[in-house]
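Take a look at the letters that make up each chain.
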Amino acid sequence: MRKILHTAAALALAAAAATTMGTTGAQAADGPWDGCPYGAVCIYPQDSDTSRPPTDIFWSYGAHNLRNQVGRHWVLNNQSGGAHAHLCTGSNGTGCGEDIPAETGVYADLTPINSITLDRP
């Protein structure tokens, strides 16, 4: 009886470890990242880490004008499939500079930034 219980416990532990490893890998590839939903680009509060909720979440491709974003902010691109985001000094996606590849984040001064674009791969 002891051998059966020991074997059952070992199998349960192995199954739990496999499940945990699989879940962690899946979340890293297609889950939320520090509060930024999968498929979105997020801006976090000024001079904050990403433990606070994002102030802005962008889902759709194209240009998005920013308002009242000054100082340094984390910008996370949690899009997939090679989609990029760009920080732009002009409104409506003009004067774009800094490229943020998918699954990447930057800590940027948004004072001169007036828009952000989400671009298809």
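Our subject is the structure listed above.
Overview of the structure. Bear in mind that the values here come from a model prediction, so they are computed numbers and not experimental data.

## Focus on the state of the cysteines
Considering all chains together, one arrives at 2 disulfides under this definition. Two residues, Cys36 and Cys42, share a disulfide whose sulfurs are 2.2 Å apart. Disulfide Cys36 to Cys42: torsion about the S-S bond roughly 85 degrees, handedness right-handed. Between the sulfur atoms of Cys88 and its disulfide mate Cys96 the distance is 2.0 Å. Taking the sign of the torsion about the S-S bond as the criterion, the disulfide between Cys88 and Cys96, at about 85 degrees, is right-handed.

## A closer look at the pairing of strand β4 (residues 72-77)
Two strands pair when backbone bridges link them, and strand β1 (residues 41-43) and β4 are joined in this way by 3 bridges, in the antiparallel orientation. Residue Ile43 lies in a different strand from β4, and its bridge partner there is Val75. Inspection of the sheet shows β4 paired to strand β7 (residues 104-109) by 6 bridges, in the antiparallel sense. Within the sheet, the bridge partner assigned to His73 lies in β7 and is Ala108.

## So, the sheet that holds strand β6 (residues 96-100)
Taking strand neighbours across the sheet as the criterion, the 4 strands line up as β3-β8-β5-β6 in an open arrangement whose pairing is antiparallel. Edge strands, defined here as strands with exactly one partner in the open sheet, are β3 (62-65) and β6. When strand polarity is set aside, the average angle formed by the axes of neighbouring strands in this sheet is 25 degrees. Note that strand β5 (residues 84-88) and β6 share 3 bridges and pair antiparallel. Bridged to His86 within β6 is Asp99.

## Some points on the sheet that holds β1
An order of β2-β1-β4-β7 is seen for the 4 strands of this open sheet, with the pairing classed as antiparallel. The strands lining the two open edges of the sheet, one partner per strand, are β2 (56-58) and β7. Adjacent strand axes in the sheet meet at a mean angle of 15 degrees, parallel and antiparallel pairs treated alike.

## Some thoughts on the nonpolar core
Within soluble globular proteins, side chains that are nonpolar tend to cluster in buried spots. Core analysis: the biggest nonpolar cluster contains 14 residues, and Val75, Leu87, Leu110 and Ile116 have the highest contact counts within it. When contributions to this core are tallied by element, the ones reaching two or more residues are β1, β5, β7 and β8 (115-119). In contact with Leu87, not counting residues within four places along its chain, are Gly95, Cys96, Gly97, Glu98, Ile100, Ala108, Leu110, Ile113, Ser115 and Ile116. Of all hydrophobic cores here, the second largest spans 5 residues; its members include Cys36, Ala40, Tyr44 and Leu76.

Parameters at a glance
- Residues numbered from 1 in each chain as written.
- Predicted model: local features only at pLDDT ≥ 70, side-chain atom pairs only at ≥ 80, totals over all residues.
- Heavy atoms only, no water.
- Disulfide = S-S within 2.5 Å.
- Pairing = 2+ DSSP bridges.
- Helix = DSSP H or I, 4+ residues; strand = E, 2+ residues; numbered from the N terminus.
- Axes fitted to C-alpha atoms, helices over the stretch in contact; angles between N-to-C directions.
- Core = buried A, V, L, I, M, F, W, Y, C linked by side-chain atoms within 4.5 Å.
- Buried < 20%, exposed > 50% of the residue type's maximum accessible area, 1.4 Å probe, protein only.
- Contact = heavy atoms within 4.5 Å.

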